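Summary of the model geometry
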Amino acid sequence: DGGITQSPKYLFRKEGQNVTLSCEQNLNHDAMYWYRQDPGQGLRLIYYSQIVNDFQKGDIAEGYSVSREKKESFPLTVTSAQKNPTAFYLCASSQTGSDIQYFGAGTRLSVL
Amino acid sequence: SQQGEEDPQALSIQEGENATMNCSYKTSINNLQWYRQNSGRGLVHLILIRSNEREKHSGRLRVTLDTSKKSSSLLITASRAADTASYFCATSPYKLTFGKGTLLTVNP
């Protein structure tokens, strides 16, 4: 089945710790995105990548980092600099030239 | 900044009734999309309407777009309990900008 896989489904972070959220797609899409969703809110863009080895900051990139070494993978690291990391994180991808995005099932990050 | 703004924030109806939710936006768009999100899950694309289109249908969904008023509406006809979800509009160009969503509850 083609799609986007996010793991883990639930993640807990201790204070001062960096954690990495995984996002893998087998849709052969060039573009990938990371969003943060807080309760009752819309999605806010953290980072996006339109091609391998290239990525751009979104609206709320501070405290986060990404890499795009492979077309299929776009991991997100929540660093200790992110003081309020508790949220639902969604990864998405899209074909070049299309605005339609396909989403993973999300990772819920909580702070211990 | 969030461009799309859905209205109402929450809507509760009975099965079989129609559900209408609205989206307003602020700047010029290339297209507008509607997505559905079941609780605790990812978003699923429902329909895309281009800026030069006024109405589009897909199954029980009907979307209208009024670029002069910078607004769109999503109509779900003959709703089912399985339609219970949050619905978001998203606008482009460049990167998608999502609203806060309308929480639709369809009571059996």
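Here goes a summary of the coordinates provided.

Thresholds, definitions, all that
- Just so you know, the residues in each chain are numbered from 1, in the order the chain's sequence is written.
- Chains and ligands are labelled sequentially in the order written, the chains with letters from A and the ligands with numbers from 1.
- For this predicted model, a pLDDT threshold of at least 70 governs which residues receive local features, and a threshold of 80 or more governs which side-chain atom pairs are given and counted, while totals over whole chains, interfaces and linings are taken from all residues.
- Water and hydrogen atoms play no part in the side-chain values, which are based on all heavy atoms of the structure.
- Contact between two residues is taken to exist if any of their heavy atoms lie within 4.5 Å; hydrogens are not considered.
- What counts as buried area is the accessible surface, traced by a 1.4 Å probe, that two parts surrender upon association, with contributions from both included.
- Put simply, a salt bridge is a Lys or Arg side-chain nitrogen that is within 4 Å of an Asp or Glu carboxyl oxygen.
- Helix and strand labels come from DSSP, where a helix needs a run of H or I of at least four residues and a strand needs a run of E of at least two; each type is numbered from the N terminus.
- Only Asp, Glu, Lys and Arg are considered charged, only Ala, Val, Leu, Ile, Met, Phe, Trp, Tyr, Cys and Pro nonpolar, and every remaining residue, Gly among them, polar.
- A simple rule labels every residue: compare its accessible area, found with a 1.4 Å probe on the protein chains alone, to the largest value its type can have, and call it buried under 20%, exposed over 50%, or partly exposed in between.
- Pairing of N or O atoms within 3.5 Å defines a polar contact, subject to two protein rules: one partner must be a possible hydrogen donor and the other a possible acceptor, and residues neighboring in sequence count only if both atoms are side-chain atoms.

A few points about the interface of chain A and chain B
- Contacts between chain A and chain B engage 18 residues on the former and 20 residues on the latter.
- Roughly 1500 Å² is buried in total at the junction of chain A and chain B, and carbon and sulfur atoms are behind 54% of that figure.
- The interface formed by chain A and chain B includes one salt bridge.
- Two residues, Lys95(B) and Asp59(A), come together in a salt bridge whose shortest N-O distance is 3.1 Å.
- Secondary structure elements with two or more residues in the side of chain A that touches chain B: strand E4 (31–37), strand E5 (43–51) and strand E9 (87–94) of chain A.
- A per-class count over the side of chain A that touches chain B returns eight nonpolar, six polar and four charged.

Overview of the side chain of Ser92(B)
- Counting through the fold element by element, Ser92(B) comes out in strand E9 (residues 85–92).
- Overall, Ser92(B) belongs to the buried group, its relative accessible area being 2%.
- Polar contacts involving the side chain of Ser92(B) include one to the side chain of Asn31(B), which spans 3.0 Å.
- Discounting chain neighbours no more than four positions away, the residues touching Ser92(B) are Asp99(A), Ser28(B), Ile29(B), Asn30(B) and Asn31(B).

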